[in-house]
Amino acid sequence: MTTSTRSAPSRLPDAITDPATGQRISLLDWQAGNMRASWLLGAGVVLMLVAIAYLVALALEPGAALFFVVIAVVVATGMTFAAYWFSDKMALAASGARAATREEHRYLVNVTEAVSLGAGVPVPRIFVIDSPAPNAFATGRDPKHGVVAVTTGLLDLLDRQELEGVVAHELAHIRNYDIRFASLLAATVGAVVLMRDVILRAMRFGGARGRGRSSGGGKGQALAMVALVVLLIVAPILATLLRMAVSRRREYLADATGAYITRNPEGLASALEKLRDFSGERLQVSEGVQHMFFVNPLAKRNAHGLFSTHPPIQERIDRLRRV
Amino acid sequence: MTSTIVVLVLLAALVLFVVNIYNRIITLENRYQNAWSQIDVQLKRRNDLVPNLIETVKGYAAHEKEVFDNVGRARAAMAGAKNVDQSAEAANMMTAALGRLFAISEAYPELKANENFKLLQEELSSVENKIAYARQFYNDAVLQYNTVIETVPGVFLANPMGKSRHVYLEVPEEDKAVPQVSFGATA
């Protein structure tokens, strides 16, 4: 590996192609734009949640509208905060990861320390998952609480440059605050779904009661009911779609940032190629954490779709080679 | 009355704007200075590993005196460096000298099979890699700093603050020509 080229600032790939528009834009601008778009999205989901609660209240108990809204806000905030604060512990427990030691995994520790220096983030806590399926993930609510976990299968499969690429991709998620946002968004979407279930249940009771009184029910109440039903069906789907779109976009950004940190898009591209061609045991993870991984552990190979958390691997490789 | 308020508000906005740029410049300056200390940590660590390496290699290739002398000189230069420039120069010397040493060790199969040597080689190539990454981040930080103090609006404040363009860490040409030994192939 020629380490010397790394110091030449003239080679900075400081612009990348925006997958949405195909235009060349600065990496930093994209990062900032992504951040803004993501927060807007999160705020949109929360607003939708509150709107649902409000409509429920109007349809069922107009007098208690404020109460419903307060409950909705408290539940949503509580869930998102818990997800944000405990994201690392939950993810580590869910994947059965154990802490890597310098003695046992000297190579992984050295690579991670080196790439952290290049990314300008504190060295994350490093974990290993005993599984032949090559994969990795990052978690932690901010760079100070960063965690990187890789499977033993990944360590066996990749050479140093490829491993550097994967670790850089994960550190990019940490540096871009993707984990914070992803867990917030996941929790918010979860809250929307939970809300739907609670309301549907309540409507079965409240609906029966409401029909008894419906002779005196106002026009507004009926309208609210219609709007509510539409929202209840549409909101969870929309929220999930938005979440997946954000997740895919962030994977591209992490790839681009990872290539930038290592100054070596080929390392990451070649790692993705090896993972694409890997045909062995899959990593056993629950659906709730699939978005966190380097490549989607659940999706069919090169799955393309609005509901997938990751872009197709081939597309990621092609974009890296075009950097 | 109204015009006074308008003037005051504009003035306050201007002050906030200037404070913002000032803080940005200081933040970026601190960043590259901190980035240098990260490089320094790795350079010191490399210097600490060297005597052990020399001892080990001498056990198998005692007559390669010139190589040992080069490493020793680089180590002394490193220890005596008084500023960033001298450290950087000594660091480049050390990189070249260690490159030679590892190139020569290829000719001694018993040395290459020595457990202690293998461990030192992994550690030293890791440190080398960390230095490369730390330099890269340093140059990134300097680039950001230079950009801010050379573009509007930072350029208006840079002069009064006594800030000027900072230099990048360059890798000398002859260093690039040194055969890169086994870095990356230790997996």
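Thresholds applied
- Residues numbered from 1 in each chain as written.
- Chains lettered and ligands numbered in written order.
- Predicted model: local features only at pLDDT ≥ 70, side-chain atom pairs only at ≥ 80, totals over all residues.
- Heavy atoms only, no water.
- Helix = DSSP H or I, 4+ residues; strand = E, 2+ residues; numbered from the N terminus.
- Rg over C-alpha atoms; globule rule 2.2 N^0.38 Å.
- Contact = heavy atoms within 4.5 Å.
- Patch = residues over 30% accessible without salt bridge, like charges linked within 9 Å, V, L, I, M, F, W, Y side chains within 5 Å.
- Areas by Shrake-Rupley, 256 points an atom, 1.4 Å probe, with all protein chains shown as cover.
- Salt bridge = Lys/Arg side-chain N within 4 Å of Asp/Glu carboxyl O.
- Buried < 20%, exposed > 50% of the residue type's maximum accessible area, 1.4 Å probe, protein only.
- Pairing = 2+ DSSP bridges.
- Axes fitted to C-alpha atoms, helices over the stretch in contact; angles between N-to-C directions.
- Parallel < 35°, antiparallel > 145°, perpendicular 65-115°, else oblique.
- Left-handed = near helix turned anticlockwise from the far one by under 90°.
- Nonpolar A, V, L, I, M, F, W, Y, C, P; charged D, E, K, R; others polar.
- 1 Å grid on protein atoms, 1.4 Å probe; cavity = no way out; pocket = protein on both sides within 12 Å on 5 of 7 lines; lining within 4 Å.
- Points joined across faces, edges and corners; volume = space filled by probe spheres on them.
- pLDDT = per-residue confidence, 0-100.
- Polar contact = N/O pair within 3.5 Å; in protein donor to acceptor, adjacent residues only side chain to side chain.

1. Concerning the overall build of chain B
Turning to step 1, where the next piece is worked out: Looking only at helices and strands, one finds seven helices and zero strands in chain B.
Turning to step 2, where the next piece is worked out: Starting at the N terminus and ending at the C terminus, chain B contains elements arranged as α-α-α-α-α-α-α.
Turning to step 3, where the next piece is worked out: Rg of the C-alpha trace for chain B: 24 Å, well past the compact-globule value of 16 Å for 187 residues, more than 25% over.
Turning to step 4, where the next piece is worked out: Summarising its shape, the C-alpha atoms of chain B cover approximately 90 × 30 × 25 Å along the three principal directions.
Turning to step 5, where the next piece is worked out: Counting contacts in chain B only where the partners sit at least 6 residues apart, residues at least 24 apart contribute 76% of the total.

2. Concerning a nonpolar patch on the surface
All names here are of chain A.
Turning to step 1, where the next piece is worked out: On the surface, V226, V229, V230, I233, V234, I237, L238, L242 and F307 cluster together into a nonpolar patch covering about 750 Å² of accessible area.
Turning to step 2, where the next piece is worked out: If you trace the backbone, V230 turns up in helix α8 (residues 219-262).
Turning to step 3, where the next piece is worked out: According to the relative accessible area criterion, V230 is partly exposed, its value standing at 47%.

3. Considerations on the pairing of strand β5 (residues 136-139) of chain A
Residues and elements named next belong to chain A.
Turning to step 1, where the next piece is worked out: Where burial is concerned, the two faces of β5 agree: the one with A136 and A138 and the one with F137 and T139 are both buried.
Turning to step 2, where the next piece is worked out: Sheet topology places β5 next to strand β6 (residues 147-151); four bridges connect them, and they run antiparallel. Following the sheet pairing, T139 is matched in β6 by V147.

4. Quick look at the pattern of salt bridges
Side chains that carry opposite charge are capable of pairing whenever their charged atoms lie near each other.
Turning to step 1, where the next piece is worked out: Throughout the structure, instances matching the rule amount to 25 salt bridges over all chains.
Turning to step 2, where the next piece is worked out: Between A:D255 and A:R316 there is a salt bridge whose closest N-O contact spans 2.8 Å. Linking A:D255 in helix α8 with A:R316 in helix α10 (residues 313-322), this pair joins segments that are 61 residues apart in sequence. The same class applies to A:D255 as to A:R316, namely buried.
Turning to step 3, where the next piece is worked out: Put simply, B:K44 and B:D40 hold a salt bridge, and the shortest N to O gap is 2.9 Å. Remark: B:D40 and B:K44 occur in helix α1 (residues 2-58); sequence separation between them is four residues, near one turn of the helix.
Turning to step 4, where the next piece is worked out: Linked through salt bridges whose partners overlap, the residues forming this network are A:R98, A:E104 and A:D130.

5. Remarks on the sheet that holds strand β3 (residues 98-99) of chain A
Residue and element names in this part refer to chain A.
Turning to step 1, where the next piece is worked out: An order of β3-β4-β6-β5 is seen for the four strands of this open sheet, with the pairing classed as mixed. The sheet is open, and its two borders are formed by β3 and β5, each paired with just one other strand.
Turning to step 2, where the next piece is worked out: On the sheet, helix α6 (residues 160-175) packs against β5 and β6 and is oriented at approximately 25 degrees with respect to β5.

6. Digging into the packing of helix α9 (residues 265-277) of chain A against α10(A)
Residue and element names in this part refer to chain A.
Turning to step 1, where the next piece is worked out: As a packed pair, α9 and α10 sit with axes 9 Å apart at the nearest point and diverge in direction by 160 degrees. Considering the angle they form, α9 stands roughly antiparallel to α10. Of the two elements, α9 crosses α10, and the hand of that crossing is left-handed. Between α9 and α10, the contacting residues are P265, E266, L268, A269, S270, L272, E273 and R276 on the first element and I313, Q314, R316, I317, L320 and R321 on the second.
Turning to step 2, where the next piece is worked out: Here the residues of the contact of α9 with α10 are counted per class, giving seven nonpolar, two polar and five charged.

7. A short note on empty space enclosed by the protein
Residues and elements named next belong to chain B.
Turning to step 1, where the next piece is worked out: Evaluated as defined, the whole model comprises three cavities of 30 Å³ or more.
Turning to step 2, where the next piece is worked out: Approximately 40 Å³ is the volume attributed to the second largest cavity.
Turning to step 3, where the next piece is worked out: Going through the elements one at a time, α1, α3 (84-105) and α5 (115-150) are the ones with two or more residues in the lining of the second largest cavity.
Turning to step 4, where the next piece is worked out: It is α1 that provides the largest number of residues to the lining of the second largest cavity, a total of three residues.

8. Here we look at the pairing of strand β4 (residues 125-129) of chain A
Residue and element names in this part refer to chain A.
Turning to step 1, where the next piece is worked out: A large share of β4 lies buried, amounting to four of its five residues.
Turning to step 2, where the next piece is worked out: Of the pairings in the sheet, the one linking β3 to β4 comprises two bridges and is antiparallel in character. Opposite A99, over in β4, you have F127 as the bridge partner.
Turning to step 3, where the next piece is worked out: For β4 and β6, the ladder comprises five bridges, and the chain directions are parallel. Each bridged residue has a counterpart across the sheet, and for I126 the counterpart in β6 is V148.

9. Re the confidence of the model for chain B
Do not read the fine detail of predicted coordinates wherever pLDDT is low.
Turning to step 1, where the next piece is worked out: Residue-level pLDDT values for chain B average 87, and 91% of them are 70 or greater.
Turning to step 2, where the next piece is worked out: This model gives residues 174-187 of chain B a pLDDT under 50, and the stretch forms 24 contacts once residues within four places in sequence are excluded.

10. So, the side chain of A:S131
Residue and element names in this part refer to chain A.
Turning to step 1, where the next piece is worked out: Within the secondary structure, S131 sits in the loop between β4 and β5.
Turning to step 2, where the next piece is worked out: The exposure class of S131 is buried, given its relative accessible area of 8%.
Turning to step 3, where the next piece is worked out: Within the local environment of S131, its side chain forms a polar contact with the backbone nitrogen of A133, the two atoms lying 3.1 Å apart.
Turning to step 4, where the next piece is worked out: If we skip the residues at most four places from it in the chain, S131 touches T151, T152, G153 and L283.

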